[in-house]
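An overview of the molecular structure
Chain by chain, the residues:
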Amino acid sequence: MPERMLTLADVAEILDITVPTARSLVRQGEIQGFQVGGRGMWRVESKELDAYIEREKAAAAARRTTS
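Since we're looking at a predicted model, the values are computed, not measured. (Residues numbered from 1 in each chain as written. Predicted model: local features only at pLDDT ≥ 70, side-chain atom pairs only at ≥ 80, totals over all residues. Heavy atoms only, no water.)

Two numbers describe how helix α1 (residues 8-15) lies on helix α2 (residues 19-27): the axes approach to 8 Å, and their chain directions differ by 105°. In terms of their interaxial angle, α1 and α2 are classed as roughly perpendicular. Between α1 and α2, the residues in contact are Leu-8, Ala-9, Val-11, Ala-12 and Leu-15 and Val-19, Ala-22, Arg-23, Leu-25 and Val-26, respectively. Tallied by class, the residues present in the contact of α1 with α2 amount to nine nonpolar, no polar and one charged. (Axes fitted to C-alpha atoms, helices over the stretch in contact; angles between N-to-C directions. Helix = DSSP H or I, 4+ residues; strand = E, 2+ residues; numbered from the N terminus. Parallel < 35°, antiparallel > 145°, perpendicular 65-115°, else oblique. Contact = heavy atoms within 4.5 Å. Nonpolar A, V, L, I, M, F, W, Y, C, P; charged D, E, K, R; others polar.)

This is the structure in structure tokens:
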């Protein structure tokens with residue numbers, strides 16, 4: 001089955017953040033995404049969002065153990 005492509009609105013909803021914050025995460029490269037179409041709409045593969053979530057969980061766990 002093909003990988004699901006998420007819009008920035010989808011990413012924002014999943015992470016419970018705003019769309020501008022989701023856009024910032026993608027533009028900064030924290031979440032891997034790509035632009036499609038002439039208007040530069042961003043798409044994120046669901047596996048890339050899952051990888052970002054796992055990295056953030058690991059970072060949070062590491063912060064807890066060093067505190």
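Attention shifts here to unusual backbone geometry. Even without being glycine, Asp-16 reaches a positive phi, approximately 60°. You can see Asp-16 is positioned in the loop between α1 and α2.

Right, let's talk about the sheet that holds strand β2 (residues 34-36) for a bit. Across the sheet, which stays open at both edges, the three strands sit in the order β1-β3-β2 with antiparallel pairing between neighbours. Sheet topology places β1 (5-6) and β2 at the edges, where each strand pairs with a single neighbour. The sheet contact formed by β2 and strand β3 (residues 41-45) spans three bridges and is antiparallel. When the bridges of β3 are listed, Gln-35 appears paired with Trp-42. (Pairing = 2+ DSSP bridges.)

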